[in-house]
Amino acid sequence: MKNIVINILLVTSILLASCTDVIDIDVPYAGPKLVVEASLDWQKGTVGNTQTIKLSELQPYFDDTTPYIVTGASVKVTNDSNGRVAHFIDQDNGDYVTSEFIPVVDQSYTLEVVYNGITFAAREILTPVVTIDLVNQSMENGFDPNVIEVNIFFKDPLEEENYYLTIFQERKELLPTLLDISDEFTNGNEMRIFYEKFTNEESGEKELQPGDIVDIELYGISKTYFNYIRLLIEQNNDGGPFSTIPASLRGNCINIIDPDDYALGYFRLTEVDKRTYVVE
Amino acid sequence: MRHLFLLSILFTSLLSAQDKNTVNGTITDIRNGETLFGASVYFKSTGIGVLTNEYGFYSLTAPTGPYTLIISYMGYDELTREIVLDINQKLDFELTESTNELNEVILVAEESERVDIKTPQMSVTTLKIGTIKKMPVVFGEVDILKSIQLLPGVTNNGEGSSGFNVRGGAVDQNLVLLDEAIIYNSSHLFGFFSVFNADAIKDVKLYKGSIPPRFGGRVSSVLDVRQKDGNNKNFELTGGIGTISSRLAVEGPLVKEKGSFLLAGRGSYMHLFLKLTEDLKENSIYFYDFNFKGNYELDGDNHLYFSGYLGRDVFKFASSFGSSYGNLTGNLRWNHIFNEKIFSNLSLIYSNYEYQLELNAIQFDWVSDIINYNLKYDFKYYISDKINLDYGISGIYYNFHPGVVTPTSETSPINNLVLDQKRAFESGVYINAEQKITQKFNLQYGIRLSGFSRLGGEPLTLYKNDQPVVYNEVLGIYEAGTPIGEDYYDIGERMKTFHHFEPRISLSYQLTEYSSMKANYTRVAQYIHLLSNTTNVTPLDVWTPSGVYIEPQLANQYAIGYFKDFKNKFLNFSVEAYYKSVENRIDYIDGANLIANNNIETVILNGESRAYGLEFLVQKVAGNFTGMMAYTLSKSEQRAPGGKAGGPGINNGDWYDTPYDRTHDFSVTGAYRFTKKWSFSANFVYQTGRPVTYPNGQYEYEGMSIPNYSERNADRLPSYNRLDLSAIFVPNKRPDNRWKGEFVFGIYNVYNRMNAASISFGQNKQTGLNEATRTAIFGIVPSITYNFRF
């Protein structure tokens, strides 16, 4: 909801004779900090035993060399009820892979990463998600009636507070589009999320054309991850003069000895429904 | 009310021991009957004098005898009258505007703009509309808010931001009044224009500190804008046609010389140009406003005024999104002169600020508003040549509707949601004395007692441990507290009440005939707050009353200054130093979601702010060349420790720069009258860049490069500077010609500097490389406006 509003305000201010330019500027560097991308997503209809965790380090903002990967760390995920451990094997490229993971809905798991002798731990619960009922396209149901949008429909459960992350990746685009959604205004209703692109000469983005392929993912996420990803998305869509003052994103991976020291990134456990749609 | 009247009688009897008499009356402009605010009325060579009040009223008391009474007002011919003050007399005077002779003092700057040496009132500037009209501005549209930003200590948050900041204070800390009605949003179109139509305005007074006790409710400043009354002798048409907007005002007598009216309207039409473009033709952005004033003199002692204002901003983005917001005010005022020494004004005011958002894409309609009803009764008692008293009471009833969300169709996924309606009552009673202690030493002292009650008619959520927001040690973030129940308060029941004493003291000491030192202490309480955690105020930001979980802001301001008039050169100089501290300044937890939040207390922390600075001002007020140069060196910072919520607070509880901190703020403006037909003016502004938060690294997540941020506002945007020029051409100036017109040619931002309104960081969508993108709102903007008067 807030994203939509911020985007609209940004568009409005741009309408009023403003200019954007890419410029050179100096920014500070905070030094290397551990980044843990531990997204254990259980795709509906699969066993979900193969999972990848990526470890890297914070690098200078304008440094465009390949990511500062982290090797030699030890990574494991434990099921908090039965103590079963899934060990993640170092692939020597920043990825740590397991095929031992057993996903259970509403189960709590603990992640432990040992990096340079320091242990970071995080705990989360695997959040289920409903299936996507329908995927279709339309023109007049988005922001611009002349542009195609892809719609997904799903029924939000009434009895609980639900949070979702949707990721749309149009295969010709370099970057995905993330949307954080809660059922605050729509609890219990049939929800529709739409994905619309606009032709923008400056960024090179083009609206959806027939033949475009869109990969769609709908994740059920916890409330704490929702707060995290909402901030991340907001800060990433830096809305110009109407953006909120950005702050460091605190994930859930904390140094067990020094709680003020935390890793960037997040340990999430989700159920996900995936679809692929070809635009007509 | 009755007590106040009895008090006045008591004072009169105490002081009637000596044989003194009073002369009083109203000073007006002979051409159109407009009352003159701030005219000097004095007895020659006695040191007895006073300035007329907002309604042109004066009262002078002196021992029996003959006097030469002089009335002077910059830009008008001085009037002299020999009187014998043997009994109380009522004398009204009409002044004539000076006709322009090239070498004489010209009406480019008026009397009250000169720093007044004797009065203890400091940190205040009066701007006459004539001066404001000579300054070059954006799109050739005369703008009061842009003009006050040329004064020291006044800035705004950059192009595209609404409101203004005074001495490092936030936008909601300014009390903006239009004929005494509160205006909640003083800008159109995100700050590009102000809501004040210069054709309807008589004058503007800005109190940056040293706020007199008759004002209360906002801690940083008072912007008192007064509308013209309307020509009560002849009909007059004024207007202007510009490249972006046009205006028309009509005024005239209701009953000749007894009553008059003024109706002014203004609208922008640049959205029509959008229709010519392919991409943007479904969009529109426009504003319009109407000002109305009517007044009628019932008899010599009673005068009625009615003022109204309606303004709207409308945005439409295709058929999918629409937004509108604006102020509506109406007030009725009754001036009553009890006797030659007591002037009173009773006002009944209605004010409504509404904002609305429609998202057709998700069939969502949101309306939010604030309504207030205000009753004020103010008295001024001109006791003697040594002491004046003013006192009065005020009551404001607020009704806040923070938002009603309705689905616009059956198929909308949106549910109905009504945010709790909030009600409150704010009261104030004050008394203030202006006393001449010795020939050189003047003192102004007073106190305001303000009260605020948050009224019921809504539920109050109760939280575990009485913590609506709490620090989560494990995650190291602030989260909403756990609700444990609700109390329901009926309408009219008081949920929470606050009272504050607000002493206000000013003194001035005359060092020489043309120079003085002044000092001041002001304490003010503010009970309603504009919640905004974005860099710039948006129309969706919510005004919230104090209550169980939100404390009123309390400010203490200290200022000291030195003022000098160089009378022979029509120059004046002033330097002021100030220190202001504000308790209970609200700050927001990281990522606070304020929109449609029914429980604001779960995302805010109580903090404090402080600002201090040194302001310099040099003005040349008469001659062919007039102008002003202002420089401010200042700092404005805030912090919010964890407090009841626990934890380290925002930014670790450390002080950080507020978004309106500007270390250096320099501006110079000048106007030169070249010939009878041509005059030129220029502005130059330089400000240190706004504090911002830059990323200090990047990392990969979900295939994207994510910027990492830490300390708030530790970096700065590049400096803001620009030069504006304008030329005014008056063709065929025949004095007997009833139609008067002029062309105003302006260029805003002459050297086309792309001042960064913001810098955003992100990945280039095609290369994936990180880049910094600067958004600048205006480059060079030329404009032509034709102004006329008939």
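Given the structure is predicted, the values throughout are model-derived calculations rather than measurements.

For the rest of this paragraph, the subject is the overall build of chain A. Within chain A, the secondary structure is distributed over two helices and 17 strands. Computed over its C-alpha atoms, the radius of gyration of chain A comes to 20 Å, within 12% of the 19 Å expected for a compact globule of 280 residues. In terms of overall dimensions, chain A has a C-alpha envelope of 55 × 50 × 35 Å along the principal axes. Across the 280 residues of chain A, 56% fall into the buried class. If you sum the accessible surface of chain A, you get close to 12000 Å²; carbon and sulfur atoms cover 51% of it.

Right, let's talk about a nonpolar patch on the surface for a bit. All names here are of chain B. Taken together, the side chains of Leu254, Val255, Leu263, Phe292, Tyr296, Leu298, Leu304, Phe306, Leu332, Trp334, Leu348 and Leu375 define a hydrophobic patch exposed on the protein surface, amounting to about 1000 Å² of accessible area. Mapped by element, the contributors of at least two residues to the nonpolar patch are strand 19 (245-255), strand 21 (284-299), strand 22 (302-317) and strand 23 (321-339). Counting through the fold element by element, Leu375 comes out in strand 25 (residues 364-381). A relative accessible area of 44% means that Leu375 is categorised as partly exposed.

Residues and elements named next belong to chain B. Structurally, Lys293 is set in strand 21. A polar contact of 3.1 Å, which involves the side chain of Lys293, links it to the backbone oxygen of Gln227. Residues contacting Lys293, with those up to four places away along its chain left out, are Asp179, Gln227, Lys228, Asp229, Ser260, Phe261, Leu262, Tyr305, Phe306, Ser307 and Arg333.

Consecutive residues of a regular strand have side chains that alternate between opposite faces of the sheet. All names here are of chain B. By the bridge criterion, five bridges tie strand 49 (residues 720-729) to strand 50 (residues 740-748) in an arrangement that is antiparallel. What sits directly across from Leu725, in strand 50, is Ile747. Bridge count between strand 50 and strand 53 (residues 781-789): nine bridges; the pairing is antiparallel. Bridging from a neighbouring strand, Glu742 pairs with Asn787 of strand 53.

The next subject is helix 2 (residues 223-236) of chain A. Residues and elements named next belong to chain A. Taking 1.5 Å as the rise per residue, helix 2 with 14 residues should run 20 Å; its terminal C-alpha atoms sit 20 Å apart, in good agreement. Most of helix 2 sits inside the fold, with 10 of its 14 residues counted as buried. All of the buried residues along helix 2 are Tyr225, Phe226, Tyr228, Ile229, Arg230, Leu231, Leu232, Ile233, Glu234 and Gln235.

Residues and elements named next belong to chain B. Ordered in space as 3-2-5-6, the four strands form an open sheet in which the pairing is antiparallel. The open sheet has two free edges, formed respectively by strand 3 (48-51) and strand 6 (79-85), since each of these has just one partner strand. Geometrically, the sheet is characterised by an average inter-axis angle of 20° between neighbouring strands, direction not taken into account. As defined by bridge partners, strand 5 (residues 65-72) adjoins strand 6 across seven bridges and the pair is classed as antiparallel. By the bridge assignment for strand 6, Gly65 is matched with Leu85.

Below, the discussion takes up unusual backbone geometry. All names here are of chain B. Phi is positive for Asn651, close to 50°, though the residue is something other than glycine. Looking at the secondary structure, you find Asn651 in the loop between strand 41 (625-639) and strand 42 (656-657). Even without being a glycine, Asn713 presents a positive backbone phi close to 55°. Along the chain, the position of Asn713 falls in the loop between strand 47 (704-707) and strand 48 (715-716).

So, about the environment of B:Ala757. Residues and elements named next belong to chain B. You can see Ala757 is positioned in strand 51 (residues 756-763). In this structure, the C-alpha to C-alpha distance between Ala757 and Phe315, residues 442 residues apart in sequence, is 21 Å. Those residues within four positions of Ala757 in sequence are excluded, and the remaining contacts are Glu159, Arg690, Leu717, Thr775, Ala776 and Ile777.

Going through the model one piece at a time under the given rule, you end up with 52 salt bridges over all chains. Between B:Arg774 and A:Asp21 there is a salt bridge, with its nearest N and O atoms 3.3 Å apart. Of this pair, B:Arg774 sits in strand 52 (residues 770-776) while A:Asp21 is found in strand 1 (residues 19-23), placing the two residues in two different chains. B:Asp378 is the salt-bridge partner of B:Lys376, the closest N and O atoms lying 3.9 Å from each other. Exposure class is identical for B:Lys376 and B:Asp378. Each is buried.

Residues and elements named next belong to chain B. Position of Gly646 among the secondary structure elements: in the loop between strand 41 and strand 42. Gly646 sits 174 residues away from Asn472 along the chain, and the two C-alpha atoms are 8.7 Å apart. Contacts of Gly646, omitting those with residues within four sequence positions, involve Tyr471 and Tyr478.

So, about the packing of aromatic side chains. The tally for this structure, following the rule as stated, stands at 53 aromatic pairs over all chains. Arranged with centres 6.5 Å apart and planes meeting at 50°, the rings of A:Tyr115 and A:Phe120 form a pair that is tilted. For the pair A:Tyr115 and A:Phe120, one class covers both residues: buried. In textbook terms, an aromatic cluster arises when at least three aromatic residues are bridged by ring pairs, as seen for B:Trp739, B:Phe743, B:Phe745, B:Tyr786, B:Phe788 and B:Phe790. A cation over a ring is seen here: B:Arg333 above B:Tyr305, with NZ or CZ 5.5 Å from the ring centre. For the cation-ring pair, B:Lys564 lies above B:Phe566, with the distance from its terminal atom to the ring centre recorded as 5.2 Å.

Residue and element names in this part refer to chain A. Taking strand neighbours across the sheet as the criterion, the three strands line up as 10-11-14 in an open arrangement whose pairing is antiparallel. Where the open sheet ends on each side, the last strands, each with one partner, are strand 10 (134-138) and strand 14 (190-196). Looking at each pair of strands side by side, their axes are set apart by 25° on average, direction ignored. As defined by bridge partners, strand 11 (residues 149-155) adjoins strand 14 across seven bridges and the pair is classed as antiparallel. Within strand 14, the position partnered with Lys155 by the bridge is Glu190.

All names here are of chain B. Residue placement: Glu180 occurs in the loop between strand 12 (174-178) and strand 13 (181-182). For the pair Glu180 and Gly230, spaced 50 residues apart in sequence, the C-alpha separation works out to 17 Å. Those residues in contact with Glu180 that lie beyond four places of it in its chain are Tyr55, Arg226, Asn331, Arg333, Asn345, Ser347, Ile349, Lys376 and Asp378. A polar contact is formed between the side chain of Glu180 and the side chain of Lys376, at a distance of 3.0 Å.

Analysis parameters
Residues numbered from 1 in each chain as written. Chains lettered and ligands numbered in written order. Predicted model: local features only at pLDDT ≥ 70, side-chain atom pairs only at ≥ 80, totals over all residues. Heavy atoms only, no water. Helix = DSSP H or I, 4+ residues; strand = E, 2+ residues; numbered from the N terminus. Rg over C-alpha atoms; globule rule 2.2 N^0.38 Å. Buried < 20%, exposed > 50% of the residue type's maximum accessible area, 1.4 Å probe, protein only. Areas by Shrake-Rupley, 256 points an atom, 1.4 Å probe, with all protein chains shown as cover. Patch = residues over 30% accessible without salt bridge, like charges linked within 9 Å, V, L, I, M, F, W, Y side chains within 5 Å. Salt bridge = Lys/Arg side-chain N within 4 Å of Asp/Glu carboxyl O. Polar contact = N/O pair within 3.5 Å; in protein donor to acceptor, adjacent residues only side chain to side chain. Contact = heavy atoms within 4.5 Å. Pairing = 2+ DSSP bridges. Expected span 1.5 Å × (residues − 1). Axes fitted to C-alpha atoms, helices over the stretch in contact; angles between N-to-C directions. Phe/Tyr/Trp six-rings, centres within 6.5 Å; stacked < 30°, edge-to-face > 60°. Lys NZ or Arg CZ within 6 Å of the ring centre and 35° of its normal.

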